[in-house]
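Chains, contacts and geometry: an overview
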Amino acid sequence: MLSFLALLLFNAFIASASASSDYSEHLLLRPLPQKALLASFNFRSNESSTAFEQQNFRYFPRSLGQILQHAGTKELHLRFSLGRWDAENWGQRPWNGAREGGTGVELWAWVEAQNEEEAFARWLTLTNALSGLFCASLNFIDATKTIRPVMSFPPEGDHQNPSQLHLLHGTLPHEVVCTENLTPFLKLLPCKGKAGISSLLDGHKLFDASWQTMAVDVRPVCEEDGECTLETEQTVDMVLDIDRSKRPRDNPIPRPLPIEEIECDTSKGYSAQDTCYPIHKTSEPAFSLSGIYGRSLKGACPLTDESSENSYTVCINTPPERIIHVNTTGQYAESTSENHAMRCYKLPVGADFDLVLPEQQMTTRLVLAQPPLYAARHINGHGQEHGSVQAVITNPSSTDAVEFVYLESLPWFMKPYIHTLQARVNSSPENPIRETYYRPAVDRQRGTHLELRMVIPAASTLTLTYDFEKAILRYTEYPPDANRGFDAAPAIIRLISPESLDKKGIYLRTTSLLLPLPTPDFSMPYNVIILTSTVIALGFGNIFNLLVRRFVGADEVQGMGPGGLKGIIRGKVERLKARFLTKKKTA
Amino acid sequence: MALLSTVLALRRDPRILKVPPYLSLLCILGGIAWLLVLPLNEYSRSTYVSENALLPGQVHTYFTGSEHNIFRAYRHEVASQVEKSPQERNNHLGDILRSNNLRVATQNYEYHASGRNISNQNVYAVLQGPRADATEAIVLIAAWNNMAGEINHSGVALVLTLARYFKRWSLWSKDIIFLISGDSTSGPQAWVDAYHDSHSPDNVESLSIKSGALQGAVAVDYPAGPWGHRYDKLHIVYDGVNGQLPNLDLFNTAVNIASGQMGIGCTLQRMWKHDDKYQDRLTTMLRGMISQGLGHASGPHSSFIPYHVDAITLQTVGDGWHDEMSLGRTVESLFRSLNNLLEHFHQSFFFYLLMQANRFVSIGTYLPSAMVIAVNFSITSIALWVASGRSTSMPKLASPSKSPKDKKENPPTTVVRRNGDISIVPTAAIEITERPLFLPLAFVLSTHFLGLLPLYIFNNTPKPSLFLAYSLAMSMTSVLPFLTAALLHILRGPTEQETTLIQCFSLLFLGMFLAALATLNFSLSFLVGIAASPLSFVRGLYPAPKGEVEGFATRNRGAISVVGSLLLAALNPVIVIKVATLYWGIDVVDILVKAAEGWHVWGLWTQVVVWLAWWPAWFAGSVVMWSGLFT
Amino acid sequence: MLIDRQKALLFAAAAAVRLLLFTAFPSLPSLLAGRVEVSTPVTSFKRLQEGLFLYTHDVSPYDGGVYHQAPLLLPLFSLLPNTSYYPFATNLVYIAVDLLGANALMQIAESGQSATTRLFKSSRNDLRWSSVAIGAGFLFNPFTVATCIARSTSALANLFILMAMAKASQGASITFVFALSIAAYLSMHPLLLFPPLLILCYDARATRSRQAPNAFTFTAIYALGLVVSLGSLLYISSVLTSSWEFLASTYGVRLLLPDLTPNVGLWWYFFTEMFDSFREFFLGVFWVHVASYMPGLTIRLRKQPLFVATTLTGIFAIFTPYPSIADAALYLSLVPLFRHLFPLMRYTFLASSTILYASFLGPAFYYLWIYAGSGNANFFYAITLVWSLGLSVVVGDSLYAALRDELDVERPELRGKEVKRI
């Protein structure tokens with residue numbers, strides 16, 4: 001439990017610190033198994049709400065502040081995420097998943113408004129403004145992608161008039177997060193990525209990570225005495241593949257190493273000059289900050305206050321035996337937590353700072369905190385007509401049951417059949433669903449919103465399945481890459497018990513789903529219109545032709561001749577004429 | 001429709017009824033001829049990649065150098081597992097994959113078909129693409145045993161090495177799944193069924209790890225032993241179960257990369273020697289059609305195609321100078337192309353006949369040949385329908401044509417109109433258009449249901465007694481028509497009209513089945529159509545109505561019926577299949593065992609077509625033929 | 001009583017077949033319920049189950065895009081045990097529905113209104129099939145069986161249409177109006193059957209009583225009756241769902257076609273490919289087109305109202321927004337009533353083989369499009385065109401035969417001669 005404690009301490013003292021000082025930033029590094037490195041950046045600034053009202057911003061980014069005021073937004077949570085967190089190998093998520101989002105872009109906010117309509121109008125202004133600010137297509141979050149969660153997102157901040165607050169939530173699962181989102185993100189920071197730990201953040205490395213998420217959270221925090229501050233927290237968490245990140249930028253191609261550099265297992269009988277069974281290295285890989293980020297840490301951000309323990313900005317969470325060389329010209333300070341699992345450094349001002357960890361064979365390794373739940377979600381069945389979604393949620397804990405809220409927000413063209421919803425726990429026959437909130441989709445107006453409060457007994461697996469049907473859209477409603485399919489947003493799981501220590505809560509998210517829809521032939525409109533009209537005209541013409549004319553004997557008709565082949569041919573001609581006449585009439 | 005009315009006004013013209021036999025003969029010959037001209041340059045096209053995102057062979061491949069040494073080591077590892085049980089084997093392979101930081105899982109499966117017990121274990125690993133969000137995945141397969149039953153040493157080793165190599169790249173925008181299946185047909189089937197959760201849990205274990213929607217699959221078949229073997233060409237296998245084909249773009253990409261980028265020759269349909277002559281193209285096409293028509297699984301890739309996952313197998317053949325690394329680089333480049341794919345394969349053709357690695361005909365060009373053959377049955381059935389309406393009214397039609405004087409001078413064609421006239425006089429009308437539909441319909445439908453019996457028997461008989469069952473079926477089906485005809489005759493001698501209608505309906509159904517089938521499995525429809533084509537010339541021979549001279553056919557109809565029936569007996573599906581197996585020197589029991597396995601494991605439909613469409617038509621035909629004997 | 005024994009036998013056989021299918025293949029109902037040919041968004045049983053689930057859990061089933069069927073079905077089906085666990089009761093209900101429908105059909109056949117009406121007596125009216133045969137034609141029609149097994153609610157609509165026809169042909173006024181209003185309430189377009197059936201009812205009444213009732217008052221009364229019963233049904237529904245929003249999501253959906261799920265009709269692909277600016281216009285045109293047949297036929301064939309009604313059901317099976325094979329089944333089992341027209345029909349073989357081809361190729365092409373992915377939407381679309389064409393050939397041809405039949409009565413001398421239309 002070594003590191004888990006450490007992590008808690010870390011979070012705790014950040015939390016405690018945050019209230020006191022006005023700006024602080026932290027970087028936590030933790031080597032993970034399989035040559036991965038978790039780096040979680042955290043930037044925090046406070047603004048007294050009075051100052052915020054008077055629009056005199058000190059640390060609070062003005063651009064963001066004005067948007068929030070304009071849209072009447074009291075609390076904002078914005079997420080940009082990429083990749084997957086591998087819970088089996090990497091353990092508990094940073095910040096208990098409270099600072100990460102589903103793949104793509106996720107946004108939820110508490111908007112102050114008299115009624116739902118006004119709230120939604122303000123929500124639209126907010127999304128449009130933010131999409132401009134962050135260069136993301138947030139403006140595509142329209143009514144069909146917006147839901148109003150009831151159980152999943154309690155407010156993080158302390159609000160005066162909760163009655164007038166409306167929670168709105170929207171996701172863009174297909175949005176690809178990239179450097180153009182990072183730049184405005186850094187712009188919001190007081191040091192703008194010029195100094196402090198933010199100077200490490202480089203687009204190329206960040207988006208080469210196996211998993212990364214950027215978060216912006218704004219929430220009001222009030223003391224007992226009632227004076228409130230508006231807290232902005234910006235977070236960047238990433239898991240880097242050390243081998244990949246260490247590659248120089250000018251030569252990123254993982255060419256096969258020369259055979260000399262590969263350790264071969266000579267114990268194998270067949271081992272020879274040309275035959276090499278590579279030994280799987282167990283030692284911790286060497287890395288240095290400048291090495292994996294491709295740039296050096298340009299000293300502390302001068303805006304962080306020097307005094308408090310809060311100024312110990314960079315922390316690394318390794319077993320005590322791990323050798324760490326600090327490489328800087330300036331002067332720094334080091335502090336270690338009592339169990340020595342966490343080493344924190346106070347950055348020098350105006351001088352580069354680097355941590356260098358050599359390759360090392362470890363005897364002890366970190367015990368990573370076990371995540372409270374594992375979740376996976378898949379689409380079963382094939383074909384573009386209907387299918388079923390299957391979510392498998394596992395409770396690894398052998399002692400205590402877990403209660404949680406499961407939130408699905410599905411696009412309208414994916415029509416779930418809620419009567420086929422089944423939740424089974426492998427250990428007990430009883431129905432794990434305690435409470436259900438369901439708001440069905442309406443075509444082209446809003447998406448499905450499903451929230452389930454469920455309980456998993458200890459050490460058991462919950463399987464949730466429901467059928468759905470795929471709608472066929474109008475051909476103008478398909479995107480250019482119609483045959484790729486549509487993305488369905490990840491399911492969001494919030495733990496109720498065991499509840500978290502802070503107000504942030506414990507969250508985890510599944511991966512998003514790819515939903516292939518039946519596609520019409522996009523080149524066909526004119527042909528379809530013509531053919532269908534022809535068939536209708538044939539039916540109509542035939543019937544009304546019969547209705548409006550009257551029969552006479554063939555021999556009574558003049559000019560039909562004596563019949564015979566000639567007569568027949570002429571008859572045909574006559575009929576043709578007649579047919580085209582009626583056709584014209586009908587068409 | 002007004003036009004139709006005049007055409008149909010002619011339907012009672014005696015001359016009209018002479019045409020259809022020649023017309024359907026024309027259709028059959030036309031269909032065959034159509035197929036024969038396809039290999040010509042004028043009718044076939046050279047292949048091209050129409051999905052721009054693929055960019056085949058545009059990337060430099062780096063799978064060389066030290067990877068080769070590692071490959072050799074892995075190949076020894078694979079060889080060391082040959083004797084072991086599937087579980088031990090997969091534990092070891094799983095460890096190798098796990099040591100490359102991949103997520104590994106295994107899957108057990110056990111099928112029962114024709115008394116045999118097919119059970120084995122798959123092992124697979126998922127590489128989570130750094131750029132991927134778990135929505136899409138591509139599969140690299142190596143079956144432990146290839147189709148020929150040899151151990152796929154180098155193929156498995158190559159997959160292991162590539163897994164280690166791919167893990168280092170950061171450009172994968174789709175997950176990559178490395179699947180080492182227990183065998184070449186049932187293993188992949190079990191895996192892909194479980195992946196789409198359409199498996200029966202008591203046969204197949206569910207998958208513990210899944211990824212996104214499968215976008216494509218490539219299988220490697222390289223059975224060279226631990227000391228390696230240099231190959232000459234890549235044999236690209238592309239037939240799916242039930243004759244479904246992968247998107248042509250995938251095939252083209254593979255050919256393009258192998259021959260264009262790596263300089264490895266590509267061949268298909270076991271045409272080891274193909275010097276682009278008409279004969280070679282034709283043979284390739286025909287072999288392709290036969291293998292498509294059989295609809296059997298032709299490699300590990302086959303099971304993927306019914307799930308709309310385009311897949312091919314790369315098989316090394318011959319002795320040449322290409323080594324495993326070039327195959328590895330081909331796969332690498334192929335996967336880079338698949339990785340570029342933005343949308344699911346949809347641009348290029350799904351229906352095509354290949355006559356060379358870079359020549360093909362698309363559905364628009366070849367479908368008519370099968371369609372006209374199907375149409376010939378419909379034509380005959382329409383003709384028979386008209387004839388059945390006409391036959392009883394013949395004597396009545398005779399009378400008015402030599403009545404009142406005033407119409408004498410009309411030209412002969414007025415007979416048409418007059419017949420038309422007569423036909424609508426109520427009494428005559430009822431007798432003419434009144435067709436006894438019950439017996440014919442009942443007979444034809446029951447023959448189709450009768451087909452269920454052999455279908456069930458052959459799918460569920462244990463292997464040892466299959467040969468007996470087959471011989472029985474052969475003898476039974478050969479004599480059954482005669483007995484049925486005799487029985488019909490004894491119970492209630494069906495009138496000429498009824499026999500005609502029997503033939504009419506059975507041909508109508510046959511034509512319909514084949515037309516529908518031609519869109520699902522062109523080759524099967526074509527082959528069945530050819531084999532059944534004589535049926536459209538089968539007529540029940542009856543004594544001519546009174547007052548007419550006996551023609552040659554009617555006079556000695558007994559002899560003709562017997563001869564015709566005996567000829568027809570040679571076209572009995574059971575016999576035809578037997579002959580085919582003799583021709584290709586295969587044991588018919590193996591075919592039946594494969595078919596049963598197909599039925600129970602891969603969802604094979606060929607035998608359904610044989611027993612529920614082809615055989616009933618043949619049966620009805622020969623009953624009609626025999627019935628001539630009893631008149 | 002021979003007929004009764006035959007009838008009992010027939011019903012027993014039909015029920016047995018259905019029960020066998022239900023029990024022998026327990027997965028068959030859900031399979032068929034998923035087939036687009038059988039169940040459409042407005043008749044699908046799965047959607048009905050969804051609606052029931054929401055209804056029993058106090059969520060308004062109409063505040064969503066799934067359930068588009070009549071509100072009164074909800075309490076009706078909520079009485080039955082949950083179908084996903086105890087399907088037996090529901091199956092029995094559906095079997096009963098089919099049998100009642102067959103019964104009504106046989107009543108129509110026995111009334112003899114098909115060949116002999118008050119103003120018209122076909123010259124071939126001796127030529128007809130027994131009511132049992134016609135009932136068998138309905139009960140053993142594979143389309144009817146499929147509809148029953150799929151438990152699509154169009155079976156109910158068909159039942160009430162048949163009942164309305166039967167009652168009208170018997171001149172049983174109240175039940176006729178009530179049945180028709182239920183049919184219209186369930187699936188809207190049967191409302192168009194009112195005029196011909198009213199005439200039918202009028203004729204039946206007139207023949208029964210000596211002097212014909214005053215046509216105007218008769219019409220007024222019955223129209224009023226229809227309005228009242230329909231209005232009361234709607235009012236009950238609104239009370240039931242405690243709002244009027246069901247109108248928008250039942251009849252609104254039928255009118256405006258927001259759900260483009262494929263079916264055997266002509267509308268879905270047309271409006272999938274339609275340019276947005278013209279959508280409303282063409283919706284209007286299509287509906288006007290459907291409605292336009294009613295007056296024309298009613299006026300021209302005023303003497304044979306039953307035939308008009310039958311032809312209209314055929315029109316519905318082709319030209320309504322959400323047709324399914326159930327509608328075709330209704331029409332095709334009504335046609336044998338007019339056995340006396342068959343000798344005059346010209347394209348029977350052509351039409352029937354077209355329909356057969358379509359019903360074989362349809363599923364094949366749908367498979368190619370949706371599952372194999374090797375064919376595209378045009379495959380299935382082409383087949384729906386063929387299907388509609390085949391049905392419209394039957395409709396047109398029977399209409400020709402009927403007119404020709406009338407002609408034979410008006411001008412016996414032309415009987416059996418080649419005729420021209422001018």
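Parameters at a glance
- Residue positions within a chain follow its written sequence, with the count starting from 1.
- Chain letters and ligand numbers both follow the written order, the letters beginning at A and the numbers at 1.
- With pLDDT at 70 or above as the cut-off, local features in this predicted model cover only qualifying residues; side-chain atom pairs require 80 or more to be listed or tallied, and sums for whole chains, interfaces and linings still use all residues.
- By convention in this description, side-chain values take in all heavy atoms of the structure and omit both hydrogens and water.
- Domain segmentation is taken from an automatic or database assignment of domains.
- For this analysis, residues touch if any pair of their heavy atoms sits within 4.5 Å.
- Any Lys or Arg side-chain nitrogen located within 4 Å of an Asp or Glu carboxyl oxygen qualifies as a salt bridge.
- Summed over both partners, buried area is the accessible surface (1.4 Å probe) that two parts give up on being assembled.
- Amino acids are sorted into nonpolar (Ala, Val, Leu, Ile, Met, Phe, Trp, Tyr, Cys and Pro), charged (Asp, Glu, Lys and Arg) and polar (every other residue, Gly among them).
- The residues that make up patches have over 30% relative accessible area and no salt bridge, and they are joined within 9 Å when like-charged or within 5 Å when they are Val, Leu, Ile, Met, Phe, Trp or Tyr.
- Under the convention used here, a 1.4 Å probe and the Shrake-Rupley method define accessible areas, while residue burial counts only the protein chains that appear.
- The helix count covers DSSP runs of H or I at least four residues long, the strand count covers runs of E at least two residues long, and both are numbered beginning at the N terminus.
- Each polar contact in these results corresponds to two N or O atoms within 3.5 Å; when the atoms are within protein, one needs to be able to donate a hydrogen and the other to accept it, and residues that are neighboring in sequence are counted only if both atoms are side-chain atoms.
- Categorising residues by exposure relies on relative accessible area from a 1.4 Å probe, with only protein chains included: less than 20% of the type maximum marks a residue as buried, more than 50% marks it as exposed, and the intermediate range marks it as partly exposed.

**Some remarks on the domain arrangement of chain A**
Residues and elements named next belong to chain A. Segmentation of chain A into domains returns domain 1 (2-357), domain 2 (374-518) and domain 3 (527-586). For domain 1 versus domain 2, the separation of C-alpha centres amounts to 27 Å. With 36 residues of domain 1 in contact, the opposing surface of domain 2 contributes 34 residues. Joining domain 1 to domain 2, the criterion identifies 2 salt bridges. Here Arg 509 ties to Glu 106 by a salt bridge, and the two come within 2.9 Å at their closest N and O atoms.

**Some thoughts on the interface of chain C and chain B**
Interface extent is often summarised as the accessible area lost during association of the parts. On the chain B side, the residues contacting the 28 residues of chain C number 28 residues. Of the roughly 2,600 Å² buried between chain C and chain B on both sides combined, carbon and sulfur atoms contribute 72%. Interface area lost by chain C to chain B is led by Tyr347(C), Phe349(C) and Tyr357(C), which between them contribute 25%. Where chain C meets chain B, there are 0 salt bridges. Among the residues forming the side of chain C that touches chain B, the class breakdown is 17 nonpolar, 5 polar and 6 charged.

**Description of a nonpolar patch on the surface**
Residue and element names in this part refer to chain B. A cluster of nonpolar residues, Ile 290, Leu 294, Leu 527, Tyr 583, Trp 584, Ile 586 and Ile 591, forms a patch on the protein surface that exposes about 680 Å² of accessible area. The set of elements that each furnish at least two residues to the nonpolar patch consists of α8 (278-294) and α21 (573-584). Relative to the elements of secondary structure, Trp 584 occurs in helix α21.

**Observations concerning the interface of chain C and chain A**
Across the boundary between the two partners, chain C contributes 64 residues, which contact 60 residues of chain A. Summed over both partners, the interface of chain C with chain A comes to about 5,800 Å²; 63% of that surface belongs to carbon and sulfur atoms. Summed over the shared surface of chain C and chain A, the result is 4 salt bridges. Here Arg446(A) ties to Asp63(C) by a salt bridge, and the two come within 2.9 Å at their closest N and O atoms. For the pair chain C and chain A, the number of links is 22 residue pairs in polar contact (both at pLDDT 80 or more). If you list the elements that add at least two residues to the side of chain C that touches chain A, you get α3 (45-56), α13 (267-273), α14 (279-300), α15 (305-319), α17 (348-372), α18 (377-410) and β1 (419-421) of chain C.

**Comments concerning the pattern of salt bridges**
Once their charged atoms are close, side chains differing in charge can pair, the charge on each being opposite to the other. Residues and elements named next belong to chain A. By the definition in use, this model includes 58 salt bridges over all chains. Across the pair Arg 322 and Glu 284 runs a salt bridge whose closest N-O atoms are separated by 3.8 Å. Placement of Arg 322 in the loop between β10 (312-317) and β11 (325-328) and of Glu 284 in the loop between α8 (242-246) and β9 (287-288) is noted, with a sequence separation of 38 residues between them. On the basis of relative accessibility, which here comes to 13%, the residue Glu 284 falls in the buried class. Of the charged contacts in the structure, one is a salt bridge between Arg 434 and Glu 430, with a shortest N-O distance of 3.9 Å.

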